[in-house]
Amino acid sequence: MRPGDEAELSEAIRAASGPLRVRGGGTRGAAREGAVLETAGLAGIRLYEPGALTLVAGAGTPLAEIDAALAAEGQRLPFEVPDLRAVLGRAGVSTLGGVVAENAAGPRRVAVGAARDFCLGLRMVDGRGTVIRNGGRVMKNVTGYDLVKLMAGSRGQLGVLTEVALKVLPRPEAEATLCLPGLDDARAVAAMSAALGSPWEVTGAAHLLGRGTYLRVEGFEGSVRYRAGRLRDLLAGFGSAAEVASPWSAIRDVTPLAEVPGDLWRLHLVPSEAAAVVARLGAEAAVYDWGGGLVWLRMAPGVDLRARAGAFRGHATCLSRPDAVPESPEIARLTAGLRAQFDPRGLFSDPAGA
């Protein structure tokens with residue numbers, strides 16, 4: 001099924017007699033049972049006001065189209081959307097709906113937040129086929145954030161996004177990246193924590209095993225030069241930081257793990273515990289982002305990460321095997337209650353491919 005507008009989508013959902021698998025560009029999520037419901041027909045930029053820093057587009061709009069429109073006005077999506085096609089072995093085209101449904105965010109999340117933090121409003125169709133609107137189209141007219149925040153990160157389990165309104169930001173004039181070589185994981189996390197806790201407005205803090213620890217500052221040219229210098233002085237106790245070419249697209253897209261075999265895991269955890277957890281896991285390879293708050297891992301196929309990791313403050317997701325880590329009983333009860341309200345027939349019970 002490929003509805004061409006919101007009315008057709010609503011009709012298709014009301015007529016459904018079994019599970020539906022929502023598909024945007026096919027770059028995210030996992031293959032699930034059910035009739036495929038494509039959102040590609042719900043595409044197009046409906047409103048873009050550069051002066052108001054707002055953009056409204058259909059959920060099926062390719063992300064590349066949005067990026068191009070913003071770039072032409074010297075603007076961008078602030079949350080640095082990861083492109084995981086290489087590391088997941090996927091093809092397809094990333095769409096706005098998939099980005100919001102996943103609450104996607106790259107290295108800049110440590111400074112500005114994730115997709116949900118820039119969602120002003122949305123339109124969606126729930127499991128009854130009811131069209132729901134929440135929030136607004138511009139920052140001056142935003143009411144009722146609750147559903148906006150809930151849908152961002154719901155991975156299509158509560159309904160189908162049809163339109164999203166976003167706040168955008170100007171592209172910075174300059175960027176500088178400092179690299180500290182030779183730090184072990186624990187020292188790297190300590191260095192990143194020091195940088196992020198400084199007043200120098202770090203917008204990226206990542207560690208690649210065997211390559212270096214990277215820290216980014218962005219803004220006006222003069223400000224960037226000054227802050228990079230002060231950051232270098234701050235980190236002198238961790239080694240000599242040198243300015244290097246930008247590695248952030250590779251960090252954002254987890255490119256270092258693309259050629260490493262095994263299951264792909266994503267851990268959200270307390271940065272101070274990250275190095276110890278990774279050491280216990282014996283991963284094939286790892287990428288630290290968000291100052292250590294996010295760790296990407298390649299594990300040998302079929303390994304029970306929970307058994308190896310022991311107790312830690314956070315949670316883990318296996319992107320290669322979505323059912324490898326079931327929800328906790330508390331989260332499962334909360335999720336079931338939300339599904340009963342938005343999808344009483346269970347059409348979207350499984351995470352959707354986005």
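Each value, and the rule that gives it
- Residues numbered from 1 in each chain as written.
- Predicted model: local features only at pLDDT ≥ 70, side-chain atom pairs only at ≥ 80, totals over all residues.
- Heavy atoms only, no water.
- Phe/Tyr/Trp six-rings, centres within 6.5 Å; stacked < 30°, edge-to-face > 60°.
- Helix = DSSP H or I, 4+ residues; strand = E, 2+ residues; numbered from the N terminus.
- Buried < 20%, exposed > 50% of the residue type's maximum accessible area, 1.4 Å probe, protein only.
- Pairing = 2+ DSSP bridges.
- Axes fitted to C-alpha atoms, helices over the stretch in contact; angles between N-to-C directions.
- Contact = heavy atoms within 4.5 Å.
- Core = buried A, V, L, I, M, F, W, Y, C linked by side-chain atoms within 4.5 Å.
- Salt bridge = Lys/Arg side-chain N within 4 Å of Asp/Glu carboxyl O.
- Arc of directions from axis to C-beta.

Student: Please explain the packing of aromatic side chains as it appears in this structure.
Tutor: A ring pair, where both rings are aromatic, is described by two values, the distance of the centres and the angle of the planes. What the rule picks out here adds up to two aromatic pairs. Geometrically, the ring pair formed by F79 and F118 is tilted, given 6.0 Å between the ring centres and 35° between the ring planes. Highlighted residues: F79 in the loop between strand 5 (75–76) and helix 3 (85–88) and F118 in the loop between helix 5 (109–112) and strand 6 (119–126), separated in sequence by 39 residues. For F118, a relative accessible area of 6% translates into the label buried. Ring geometry for W200 versus Y226: centroids 5.8 Å apart, planes at 85°, classification edge-to-face. Separated by 26 residues along the polypeptide, W200 in the loop between helix 7 (185–196) and strand 11 (202–208) and Y226 in helix 8 (residues 221–234) bring together distant segments of the chain. Judged by relative accessible area, W200 falls into the buried class, the value being 16%.

Student: So what exactly am I meant to see when it comes to the pairing of strand 14 (residues 263–269) here?
Tutor: Every other side chain in a regular strand lies on the same face of the sheet, so the side chains alternate between the two faces. Of all the seven residues making up strand 14, seven are buried; the element is thus mostly covered by neighbouring parts of the structure. Alternating residues of strand 14 divide into D263, W265, L267 and L269 and L264, R266 and H268, and every residue in both groups is buried. In this sheet, strand 16 (residues 294–299) lies alongside strand 14 in antiparallel orientation, the contact comprising six bridges. If you follow D263 over to strand 16, its bridge partner there is M299. Of the pairings in the sheet, the one linking strand 14 to strand 17 (residues 314–318) comprises five bridges and is antiparallel in character. Its bridge partner being in strand 17, H268 is matched across the sheet by H315.

Student: When you look at the sheet that holds strand 8 (residues 159–167) in this model, what are you seeing that I'm missing?
Tutor: As a general point, the strands of a sheet are linked pairwise by backbone hydrogen bonds and lie either parallel or antiparallel. Taken together, five strands build an open sheet; the order of strands is 3-4-8-6-7 and the sheet is antiparallel. At either end of the open sheet lies a strand with only one pairing partner, and these are strand 3 (45–49) and strand 7 (131–135). Pairwise comparison of adjacent strand axes, ignoring direction, gives a mean angle of 15° for this sheet. Taken together, the five bridges between strand 6 and strand 7 define a ladder with antiparallel strand orientation. Paired with G121 across the strands is G135, a residue of strand 7. Across the sheet, helix 1 (residues 6–15) lies against strand 6, strand 7 and strand 8, angled at about 45° from strand 6, the strand it touches most.

Student: Even after reading the chapter, I still don't get the nonpolar core, so can you show me in this structure?
Tutor: Grouped burial of nonpolar side chains is what soluble globular proteins tend to show. In this structure, L77, F79, M124, L161, L257 and W296 are the most contacted members of the largest nonpolar core, which totals 49 residues. A176, V224, F238 and L267 belong to the second largest nonpolar core, which has 40 residues in total.

Student: Could you clarify how one ought to interpret the pattern of salt bridges in this entry?
Tutor: Where charged atoms of side chains with opposite charge meet at close range, the side chains can pair. Enumeration over the complete set of coordinates arrives at 15 salt bridges. Note that R85 and D83 form a salt bridge whose closest N and O atoms lie 2.7 Å from each other. On the basis of relative accessibility, which here comes to 30%, the residue R85 falls in the partly exposed class. Overall, D83 belongs to the partly exposed group, its relative accessible area being 27%.

Student: It is not clear to me how helix 2 (residues 63–71) should be interpreted in this structure. Could you clarify?
Tutor: In an α-helix, one turn spans 3.6 residues, which is why side chains three or four residues apart end up on the same side. Along helix 2, the residues that are buried comprise L63, I66 and L70. Along the axis of helix 2, the buried residues cluster in a sector spanning 60°; they form a single face.

Student: For this particular structure, what's the right way to read the environment of A279?
Tutor: Checked against the element boundaries, A279 lands in helix 10 (residues 271–281). Here A279 falls in the exposed class, since its relative accessible area comes to 61%. The spatial distance from the C-alpha of A279 to the C-alpha of D185 is 8.9 Å, given a sequence separation of 94 residues.

Student: In this structure, what is going on with the pairing of strand 8? I would like to understand it.
Tutor: Among the nine residues in strand 8, eight count as buried, and that is most of the element. Bridge count for strand 4 (residues 54–58) against strand 8 is five bridges, and the pairing is antiparallel. Paired with T54 across the strands is K167, a residue of strand 8. Pairing between strand 6 and strand 8: seven bridges, direction antiparallel. In the strand pairing of strand 8, M124 is matched with L161.

Student: Which parts of the structure should I look at to understand unusual backbone geometry?
Tutor: With the exception of glycine, the majority of residues adopt a negative phi angle, and the majority of peptide bonds are in the trans configuration. Phi angles above zero are rare outside glycine, and E80 is one such case at about 55°. The buried category is assigned to E80, whose relative accessible area is 9%. Not every positive phi belongs to a glycine, and V254 is a case in point at roughly 55°.

Student: Hey, could you run me through the environment of S223 in this one?
Tutor: Its place among the elements puts S223 in helix 8. When the C-alpha atoms of S223 and E175 are compared, they prove to be 9.9 Å apart, with 48 residues separating the residues in sequence.

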